[in-house]
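Summary of the model geometry
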Amino acid sequence: SDLNTSYEWLKAFVPFDESAPRLRDLITGHIATVDELVSLREDLAPIVIARVVEERPHPDSDHLHVTKVDMGTGVLLAVVCGAANVTAGKMYPFAPTGTVMPNGLKIQKRKIRGQISDGMICSASELQVPGSDEGVMELNLDVPLGTPFLQAMPLGDMKFVIDVGANRPDLLSHLGVAREIAA
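Residues numbered from 1 in each chain as written. Predicted model: local features only at pLDDT ≥ 70, side-chain atom pairs only at ≥ 80, totals over all residues. Heavy atoms only, no water.

1. Quick notes on the sheet that holds strand β1 (residues 2-6)
- Taken in spatial order, the 3 strands make up an open sheet running β1-β10-β2, and their pairing is antiparallel. Looking at strand neighbours, the two that pair on one side only are β1 and β2 (34-39), the edges of this open sheet. Direction aside, the axes of adjacent strands within the sheet are offset by 20° on average.
- Sheet topology places β2 next to strand β10 (residues 158-163); 5 bridges connect them, and they run antiparallel. Looking across to β10, one finds that V38 is bridged to K159.
- Together, β2 and β10 form the strand contacts of helix α2 (residues 20-30), whose direction differs from that of β2 by roughly 165°. (Pairing = 2+ DSSP bridges. Helix = DSSP H or I, 4+ residues; strand = E, 2+ residues; numbered from the N terminus. Axes fitted to C-alpha atoms, helices over the stretch in contact; angles between N-to-C directions. Contact = heavy atoms within 4.5 Å.)

Structure (structure tokens):
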């Protein structure tokens, strides 16, 4: 039978520094097969790492910015952003057009005060992740543009689906798995 185990719960029982993928490999190699490793923040799957390559004031607004965003596709996207801290040369989480945000908002290509906006540069609160609420979420990462946000910033809990054999009933709980990790 399968056990769904939480990475964060295992960490609460046994302090360790391994990443979730590394822990999966250790559990599979020494304890029982991990069939699956699942992010519990799948709502963030469409978000990618992008760079603002150009930023200028919006001609018809005193607080909006018109930007060009590179999300690694070879095409620069025109994006209107209202955050005071949006800066050319910096990297941010980016929601491409079509993304459904954690709050249910669907990102659509539209005109904002006469300027096309094709996607959204995201703040921590828009992604419902920890971080400053002062504008968009500036990232200092060494990853290629277009890298999935969840891959670059492992956020939220991960679920291990562990295949527990009939001979290992001790592994049918978080505590049982944690004892084996600690051993």
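Next comes the rest of the write-up.
2. Observations concerning the sheet that holds strand β9 (residues 120-121)
- Ordered by their spatial adjacency, 5 strands build an open sheet running β5-β4-β3-β6-β9, and the pairing between neighbours is antiparallel. Of all strands in the sheet, those bounded by a partner on one side alone are β5 (76-81) and β9.
- Inspection of the sheet shows strand β6 (residues 91-95) paired to β9 by 2 bridges, in the antiparallel sense. Counterpart to F94 in the pairing with β9 is I121.

3. What to know about helix α5 (residues 174-182)
- For α5, the set of buried residues is H174, G176, V177 and A178.
- Looking at the buried positions of α5, the neighbouring elements they touch are β1, α1 (7-13), α2 and β10. (Buried < 20%, exposed > 50% of the residue type's maximum accessible area, 1.4 Å probe, protein only.)

4. Focus: unusual backbone geometry
- Despite not being glycine, R113 shows a phi value in the positive range, around 50°.
- Mapping R113 onto the fold places it in the loop between β7 (110-112) and β8 (115-117).

5. Topic: the pattern of salt bridges
- What the rule picks out here adds up to 5 salt bridges.
- For D25, the salt bridge goes to R24, with nearest N and O atoms at 3.2 Å.
- D25 sits in the partly exposed class, given a relative accessible area of 43%.
- Note that R168 and E180 form a salt bridge whose closest N and O atoms lie 3.2 Å from each other. One end of the pair, R168, is in the loop between β10 and α5; the other, E180, is in helix α5, and 12 residues separate them in sequence. (Salt bridge = Lys/Arg side-chain N within 4 Å of Asp/Glu carboxyl O.)

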